[in-house]
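Spelled out from the first residue to the last, the chains are:
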Amino acid sequence: MSQTPFIFDVTASNFEQLVLENSFHKPVLVDFWAEWCAPCKALMPVLAKITEEYQGELLLAKVNCDIEQEVVARFGVRSLPTVVLFKDGQPVDGFAGAQPEAAIRALLEPHVQQPATPEADLLASAQALFAEGRIGEAENQLKQLLTDDNENAAALILYARCLAERGELGEAETVLGAVKGDEHKQALAAARAQLTFLRQANDLPEVADLKSRLAQNGEDDEATYQLAIQQLARQQYETALDALLRLFVRNRSYADGLPHKTLLQVFELLGNDHPLVMTYRRKLYQAIY
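Residues numbered from 1 in each chain as written. Predicted model: local features only at pLDDT ≥ 70, side-chain atom pairs only at ≥ 80, totals over all residues. Heavy atoms only, no water.

*Asks:* Quick rundown of the overall build of the protein? Include the residues and the values.
*Replies:* Looking only at helices and strands, one finds 14 helices and 5 strands in the protein. In terms of C-alpha radius of gyration, the protein reaches 30 Å, well past the compact-globule figure of 19 Å for 289 residues. Referenced to the eigenvectors of the C-alpha coordinate spread, the extents of the protein come out at roughly 90 × 35 × 35 Å. The contacts of the protein with a sequence gap of at least 6 include a subset with a gap of at least 24, amounting to 63%. Carbon and sulfur atoms make up 49% of the accessible area of the protein, which amounts to about 15,200 Å² in all. Side chains of the protein give 26 positive and 41 negative charges; the mean places of these two sets differ by 7 Å. (Helix = DSSP H or I, 4+ residues; strand = E, 2+ residues; numbered from the N terminus. Rg over C-alpha atoms; globule rule 2.2 N^0.38 Å. Contact = heavy atoms within 4.5 Å. Areas by Shrake-Rupley, 256 points an atom, 1.4 Å probe, with all protein chains shown as cover. Lys, Arg positive; Asp, Glu negative; His and termini not counted. Charge placed at Lys NZ, Arg CZ, Asp CG, Glu CD.)

Following this line, the structure appears as structure tokens:
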């Protein structure tokens, strides 16, 4: 197993420094092993993986028991593998025999501080929360990220979308105005499309009134279009796309081709890889040609 700054061999001569002194700064997991011990060799990569994930919040010291008999005797190790966790110069926990990864993680959890979450992880977490409709939680993640990097374009765009979902349209527009560069051009366009639909919906009749109009006249073009905008503002994308496509087929010149333009805006909002976009882009193509 390759050595890293967080994983190292220890001997009787450096145990005091590398394990006991280090343990006053970071917890040190000591792995007592031997070349002939098959369970030891199975356990080593598991310990290494966990240690690396802690990104320096945990150290792993390896003691070769065939060579370091003095250390073995000092700690009374009687079976292999034996793993002992040191903090503040003292053993605080440990186990003997190979253990499953989950059990090792559970042992470490009360003693080892979780590493700071990288920006990419925070952003991915916020994106997942937003997709699940957990807007407030996503917003909190993004605020944390933007505190450290207030020019992170992807975070700014998603934060603006969170604000827009809460009805803070002016503030969302201000945040989008702070986005620099063209790296996230599509995401920026999507966020602006969302703002457009939300603003339009604010000036339209209530959904119930529009549905009532359509119940009386299913070919009321204005009511069809306005209801589709209300549905887009509520993220009811499939229903809205279906209505816009039907309106386009029935009256493609309505309001200077507005159904077609709006369909393209929705495609931009959802992104080319979205299943609804692939489906309705194909339907639109068939309707045109």
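What follows picks up the thread again.
*Asks:* Now, about the state of the cysteines: what can you tell me, with residues and values included?
*Replies:* Structurally, a disulfide amounts to a covalent bond that connects the sulfur atoms of two cysteines. Enumeration according to the criterion identifies 1 disulfide in this entry. Residue pairing for C37: its cysteine sulfur links by disulfide to C40, the two sulfurs lying 2.4 Å apart. Its S-S torsion of about 80 degrees marks the bond between C37 and C40 as right-handed, since a negative value means left-handed. Across this residue pair, the class does not change: C37 and C40 are buried. Free of any disulfide, C65 has its nearest neighbouring cysteine sulfur in C40, separated by 7.3 Å. (Disulfide = S-S within 2.5 Å. Buried < 20%, exposed > 50% of the residue type's maximum accessible area, 1.4 Å probe, protein only.)

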